[in-house]
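Listed here are the chains, written in short residue letters.
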Amino acid sequence: MNRSARPAEMILEDLLSQDPQRIWYASCEVIHLGQERTRILPLVPHLAEIRQAAEHIVLGGGLAPNRRFVDLALQTIQFHRDSEACPCCLYPLPQGDCIFDPREEAERGRVRILDCTVNEHYTGDYPVQCARCGRLFQVTQEWGHFVWWRWTPLS
């Protein structure tokens, strides 16, 4: 997943491009920018247009379809349209998608890692607290073909 400093206009252009690679890339940007409401709000008026543009695009994917990234990006934009809740609500992702590394989120000042136990097999646990609202999560790190993290709300 990538982390973007690109303006919303450029991300929107990619989301509307009809190019599967650009749509996938921009969708990943939206998902990771989901914790930054001000970065997502410019996309809100274009939600229906984005949904329609990506509806029939074949995005491929090996073990898991890349369509899920577009769906998560749309859910992220919709969340910011419909809710004033803390965006930490977006960490537990549906369908077992576990892409938010708690260490990266802590580096960005979004969460505080309260403890960490990771073993030599890259598995472990992180009790984590949202830096904005104080919500607690248990983050489980697992390893398969890649390292992934499952966020479970505790409060």
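To start, this report covers the structure provided alongside it. Computed from a predicted structure; not experimentally measured.

It is worth spelling out the packing of helix H2 (residues 20-33) against helix H5 (residues 67-82) at this point. Where H2 contacts H5, the axes come no closer than 8 Å and their chain directions differ by 40°. With respect to each other, H2 and H5 are oriented oblique. Like other packed secondary-structure pairs, H2 and H5 cross with a definite hand, here left-handed. Residue-level inspection shows Ile-23, Trp-24, Ser-27, Cys-28, Val-30 and Ile-31 of H2 in contact with H5, the latter providing Phe-69, Val-70, Leu-72, Ala-73, Thr-76 and Ile-77. Class assignment of the residues belonging to the contact of H2 with H5 gives a composition of 10 nonpolar, two polar and no charged.

Attention now moves to the packing of aromatic side chains. Centre-to-centre distance and the angle between the planes together describe a pair of aromatic rings. According to the stated counting rule, one finds five aromatic pairs in the structure shown. Relative to Phe-100, the ring of Tyr-91 lies with its centre 5.3 Å away and its plane at 80°, an arrangement referred to as edge-to-face. Aromatic side chains Tyr-91 and Trp-151 sit 4.1 Å apart centroid to centroid with 15° between the ring planes, which places their arrangement in the stacked category. Placement of the pair is Tyr-91 in the loop between H5 and helix H6 (102-107) and Trp-151 in strand S5 (residues 147-153), with a sequence separation of 60 residues. In this structure, Tyr-91 and Trp-151 share a single accessibility class: buried. Joined through ring pairs, the aromatic side chains of Tyr-91, Phe-100, Phe-137 and Trp-151 make up one cluster.

Criteria and cut-off values
- Residues numbered from 1 in each chain as written.
- Predicted model: local features only at pLDDT ≥ 70, side-chain atom pairs only at ≥ 80, totals over all residues.
- Heavy atoms only, no water.
- Axes fitted to C-alpha atoms, helices over the stretch in contact; angles between N-to-C directions.
- Helix = DSSP H or I, 4+ residues; strand = E, 2+ residues; numbered from the N terminus.
- Parallel < 35°, antiparallel > 145°, perpendicular 65-115°, else oblique.
- Left-handed = near helix turned anticlockwise from the far one by under 90°.
- Contact = heavy atoms within 4.5 Å.
- Nonpolar A, V, L, I, M, F, W, Y, C, P; charged D, E, K, R; others polar.
- Phe/Tyr/Trp six-rings, centres within 6.5 Å; stacked < 30°, edge-to-face > 60°.
- Buried < 20%, exposed > 50% of the residue type's maximum accessible area, 1.4 Å probe, protein only.

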